Amino acid sequence: MTSLRGHVLVATKKLDETDFARTVILLLNHDRSGASGVILNRPVPETVSSLWQRMCHESCERNSRVNFGGPVSAPLVAVHDMKPLGEMQITADHLFVAAQRDHLTQLIHQEDHPLRLFVGRAAWDRGKLEFELNSGAWHVIPANREIVFDDDEHLWPTLTRKIKDAILCSILDIQHVPVNIAMN
């Protein structure tokens, strides 16, 4: 089995009638026992500063929105780029996960570094994700900083378009597609 940790799942139309319609999920773990990840494009109205104040009774200045990581209850998790505060590396281009409170405290005060904070997670029991992949429910692409820290509102349509373009180029054996097709 090849682990898909550090990859992104992009929902296909097969998931349109489910809670995972138009979702993009970063896989944080994937092994023989199952898989788990966080939804990258489901922000909640609450800001990091208001959540932190409510949970820890401490102030912080980070006003980015908190993300709904998925329907499974889980500890608060941050995806970030600060190796010393990373408890697990998830991509080759230095993306890390942190869940320990002291790491989270330091991360939320580092406003010059990107951070995504997640409440909850998405999870699959043994073999369930593989079944969904085999049924065509998800496209899989490697994660990178651009995807993880991109604008959540446009993430799904942007990735879907890139995947469709890549499939079309592969089928037609096209080597280069201009950014502006009118320039062709």
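Structural notes, computed from the coordinates. (Residues numbered from 1 in each chain as written. Predicted model: local features only at pLDDT ≥ 70, side-chain atom pairs only at ≥ 80, totals over all residues. Heavy atoms only, no water.)

Notes on the pattern of salt bridges
Inference 1: For the structure on display, the rule yields five salt bridges.
Inference 2: Among the salt bridges present, the one from Arg54 reaches Glu46, with a minimum N-O distance of 2.8 Å.
Inference 3: Where Glu58 meets Arg101, a salt bridge forms, and the shortest distance between an N and an O atom there is 3.1 Å. Here Glu58 is found in the loop between helix H1 (48-56) and strand E5 (65-68), whereas its partner Arg101 is found in helix H2 (residues 101-108), with 43 residues between them in sequence.
Inference 4: Looking at Glu58, the relative accessible area reads 28%, which means it is partly exposed.
Inference 5: Judged by relative accessible area, which is 45%, Arg101 ranks as partly exposed. (Salt bridge = Lys/Arg side-chain N within 4 Å of Asp/Glu carboxyl O. Helix = DSSP H or I, 4+ residues; strand = E, 2+ residues; numbered from the N terminus. Buried < 20%, exposed > 50% of the residue type's maximum accessible area, 1.4 Å probe, protein only.)

Structural notes on unusual backbone geometry
Inference 1: Despite not being glycine, His57 shows a phi value in the positive range, around 55°.
Inference 2: With respect to the helices and strands, His57 occurs in the loop between H1 and E5.
Inference 3: One non-glycine residue, His94, lies in the positive phi region at around 65°.
Inference 4: Along the chain, His94 turns up in the loop between strand E7 (88-91) and strand E8 (95-98).
Inference 5: Residue class for His94 comes out partly exposed when judged on its relative accessible area of 43%.

Section: the packing of H1 against H2
Inference 1: Contact geometry for H1 and H2: axes closest at 12 Å, N-to-C directions at 145°. Note that H1 runs across H2; the crossing there is left-handed. Residues Val48, Trp52 and Cys56 of H1 lie in contact with H2, whose contacting residues are Arg101, Leu104, Thr105 and Ile108.
Inference 2: The residue inventory of the contact of H1 with H2, partitioned by class, reads five nonpolar, one polar and one charged. (Axes fitted to C-alpha atoms, helices over the stretch in contact; angles between N-to-C directions. Left-handed = near helix turned anticlockwise from the far one by under 90°. Contact = heavy atoms within 4.5 Å. Nonpolar A, V, L, I, M, F, W, Y, C, P; charged D, E, K, R; others polar.)

Focus on the nonpolar core
Inference 1: Ranked by internal contacts, the top residues of the largest apolar core, which has 34 residues, are Val8, Leu26, Leu28, Leu40, Trp124, Trp138 and Leu159.
Inference 2: Sort the elements by how many residues they give to this core and strand E2 (residues 24-31) lands first, with five residues.
Inference 3: Sequence-distant contacts of Trp124, that is, excluding residues within four places in its chain, are made with Leu9, Ile25, Leu27, Ser33, Gly34, Ala35, Ser36, Gly37, Leu129, Glu132 and Trp138.
Inference 4: Counting residues in hydrophobic clusters, the runner-up holds 16 residues, among them Val48, Trp52, Cys56 and Leu117. (Core = buried A, V, L, I, M, F, W, Y, C linked by side-chain atoms within 4.5 Å.)

A few points about a nonpolar patch on the surface
Inference 1: A contiguous nonpolar patch, built from Ile167, Ile171 and Leu172 and spanning about 310 Å² of accessible area, is present on the exposed surface.
Inference 2: One can find Ile171 in helix H5 (residues 152-172). (Patch = residues over 30% accessible without salt bridge, like charges linked within 9 Å, V, L, I, M, F, W, Y side chains within 5 Å. Areas by Shrake-Rupley, 256 points an atom, 1.4 Å probe, with all protein chains shown as cover.)

What to know about the sheet that holds strand E10 (residues 122-125)
Inference 1: In space, the five strands of this open sheet follow the order E10-E3-E2-E1-E11, with antiparallel pairing throughout. In this open sheet, the two strands that pair with only one neighbour each are E10 and strand E11 (138-142). Averaged over all pairs of adjacent strands, the angle between strand axes in this sheet comes to 30°, irrespective of strand direction.
Inference 2: The sheet contact formed by E2 and strand E3 (residues 34-39) spans six bridges and is antiparallel. Note that in E3 the partner of Ile25 across the bridge is Ile39. (Pairing = 2+ DSSP bridges.)

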